[in-house]
Amino acid sequence: MTIVGVPAGWPATPEEARAVQDELRGRVVLDEPGPPPGTGRVTGVDVAYDDGLDLVAAAAVVLDAVTLDVVAEATAVGRVSFPYVPGLLAFREIPAVRAALERLPCPPGLVVCDGYGLAHPRRFGLASHLGVLTGLPTIGVAKNPFTFAYDDPGPARGRSAPLLAGTEEVGRALRTRDGVKPVFVSVGHRVSLGNALAHTLALTPRYRLPETTRRADALCRRALRQAAEGPAGGAAQDSTSRQAPASRYSES
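Conventions adopted
- Residues numbered from 1 in each chain as written.
- Predicted model: local features only at pLDDT ≥ 70, side-chain atom pairs only at ≥ 80, totals over all residues.
- Heavy atoms only, no water.
- UniProt positions renumbered as here; feature names shortened; annotations may be inferred.
- Helix = DSSP H or I, 4+ residues; strand = E, 2+ residues; numbered from the N terminus.
- Contact = heavy atoms within 4.5 Å.
- Buried < 20%, exposed > 50% of the residue type's maximum accessible area, 1.4 Å probe, protein only.
- Axes fitted to C-alpha atoms, helices over the stretch in contact; angles between N-to-C directions.
- Parallel < 35°, antiparallel > 145°, perpendicular 65-115°, else oblique.
- Left-handed = near helix turned anticlockwise from the far one by under 90°.
- Expected span 1.5 Å × (residues − 1).
- Salt bridge = Lys/Arg side-chain N within 4 Å of Asp/Glu carboxyl O.
- Polar contact = N/O pair within 3.5 Å; in protein donor to acceptor, adjacent residues only side chain to side chain.
- Phe/Tyr/Trp six-rings, centres within 6.5 Å; stacked < 30°, edge-to-face > 60°.
- Lys NZ or Arg CZ within 6 Å of the ring centre and 35° of its normal.
- Pairing = 2+ DSSP bridges.

1. Points about the UniProt feature "binding site: Mg(2+)" (unreviewed entry) in the protein chain
Now for step 1: When the UniProt feature table is mapped to this numbering, "binding site: Mg(2+)" (unreviewed entry) covers D46 and D114. Their sequence span is 69 residues, while the largest C-alpha to C-alpha distance among them is just 6.1 Å; these annotated residues converge on one region.
Now for step 2: For D114, the location among the structural elements is in the loop between strand 5 (110–113) and helix 3 (126–134).
Now for step 3: With residues up to four places along the chain from it excluded, the contact list for D114 reads V45, D46, V141, K143 and T213.

Structure representation (structure tokens):
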């Protein structure tokens, strides 16, 4: 298999990584609404790790935004490119995630990250970082609120409450299922917060987490297992891309 390499000049220390965040944060676009919810295509990205083998597997799964059917998918496996440091996880994930996105046979449309955008201590989480580097509209939908405070939203699906850093709203706690723990939505790049919430609700017709996240999570875990089972920790299985046959849906 082709192992994704660490890009030349990639930060090697937390100090270097924070300097990159400071440089790129000003490029985040916050004044575009983004693609209308329920139209075109939407893509979920996620990663899985095997730290013992120094491997990270990334998956990108494209869904039709109306039917939530899978249109295309791709994976990439790389070496872990940065140590585990809270607030700097994007530097561990982005090389493999970008490689998976680049292997898609169709445009991804909106990208949904299993993580944070502006809801980040430095206001530059994975969704924002990936959006700036690719130019794609991105949002973050996280499973927990990180370090931020929020009041519990009402119990009904669709209710939300501000996710706060002091008095600054950095995202929303959004109830996607009646009476179930909320998810935490934040803007990444080129999408408004209102649209990010609407996209998240459109992607959660049955479960707490978006279908994009659920599909990408399953695919990256499968890719990691295949890589780990190959000779020398992953030499037998190739990174893959696939397009659903006879897709009738237009590109976003």
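2. With respect to the UniProt feature "site: Interaction with target DNA" (unreviewed entry) in the protein chain
Now for step 1: Per the UniProt record, "site: Interaction with target DNA" (unreviewed entry) is annotated on Y84.
Now for step 2: Looking at where Y84 falls in the secondary structure, it is placed in the loop between strand 4 (70–79) and helix 2 (90–102).
Now for step 3: By relative accessible area, which is 56% here, Y84 ends up exposed.
Now for step 4: Sequence-distant contacts of Y84, that is, excluding residues within four places in its chain, are made with L89 and R92.

3. Here we look at the packing of helix 2 against helix 3
Now for step 1: At a closest axis distance of 10 Å, the pairing of helix 2 and helix 3 adopts a crossing angle of 45°. As judged from the angle between their axes, helix 2 and helix 3 are oblique. The hand of the helix 2/helix 3 crossing is right-handed. Along its contact with helix 2, which presents A90, F91, E93, I94, V97, R98 and L101, the element helix 3 presents L126, H129, L130, L133 and T134.

4. Some words on helix 2
Along an α-helix, residues three or four positions apart point the same way, because every turn accommodates 3.6 residues.
Now for step 1: Here helix 2 contains 13 residues, and its C-alpha end-to-end distance of 17 Å stays within 8% of the 18 Å for a straight helix at 1.5 Å per residue.
Now for step 2: With respect to burial, helix 2 is a largely interior element, eleven of its 13 residues being buried.
Now for step 3: Here helix 2 has its buried residues at A90, F91, R92, E93, I94, P95, A96, V97, A99, A100 and L101.

5. Observations concerning the environment of C106
Now for step 1: Here C106 shows up in the loop between helix 2 and strand 5.
Now for step 2: According to the relative accessible area criterion, C106 is buried, its value standing at 6%.
Now for step 3: With 44 residues separating them in the primary sequence, C106 and V62 have C-alpha atoms 8.5 Å apart.

6. Regarding the pattern of salt bridges
Now for step 1: This model, assessed by the stated rule, comprises twelve salt bridges.
Now for step 2: Between D22 and R122 there is a salt bridge, with the nearest N and O atoms lying 2.6 Å from each other. On the criterion of sequence distance, the pair formed by D22 in helix 1 (residues 14–25) and R122 in the loop between strand 5 and helix 3 is long-range, its members being 100 residues apart.
Now for step 3: For R122, a relative accessible area of 26% translates into the label partly exposed.
Now for step 4: A salt bridge links R221 to D217, with the nearest nitrogen and oxygen atoms 2.9 Å apart. Of this pair, R221 and D217 are both found in helix 5 (residues 211–229), four residues apart, which corresponds to roughly one turn of the helix.
Now for step 5: Accessibility expressed as a relative area gives 45% for R221, which makes it partly exposed.
Now for step 6: Linked through salt bridges whose partners overlap, the residues forming this network are D22, R25 and R122.

7. Examining the side chain of T200
Now for step 1: For T200, the location among the structural elements is in helix 4 (residues 193–202).
Now for step 2: From its side chain, T200 meets the backbone oxygen of A196 in a polar contact 2.8 Å long.

8. Focus on the packing of aromatic side chains
Now for step 1: All told, the structure shown has five aromatic pairs when counted by the stated rule.
Now for step 2: Their ring planes at 85° and their centres at 6.5 Å tell us that F146 and F148 sit as a pair that is edge-to-face.
Now for step 3: The class of F146 is partly exposed, set by a relative accessible area of 30%.
Now for step 4: An aromatic cluster of three or more residues is present, and its members are W10, F82 and F91.
Now for step 5: Positioned above the aromatic ring of Y49 is the side chain of R92, whose terminal nitrogen or guanidinium carbon lies 4.5 Å from the ring centre.
Now for step 6: Looking at R214, its charged tip hangs above the ring of Y207, at a distance of 3.7 Å from the centre.

9. Quick notes on the pairing of strand 9 (residues 183–189)
Now for step 1: Here strand 9 lies mainly inside the structure; seven of its seven residues are buried.
Now for step 2: Relative to strand 9, strand 6 (residues 138–142) runs antiparallel, the two being bridged by five bridges. When the sheet's bridge partners are listed, V141 is paired in strand 9 with V185.
Now for step 3: The sheet contact formed by strand 8 (residues 168–174) and strand 9 spans three bridges and is antiparallel. Directly across from A173, in strand 9, lies its bridge partner F184.

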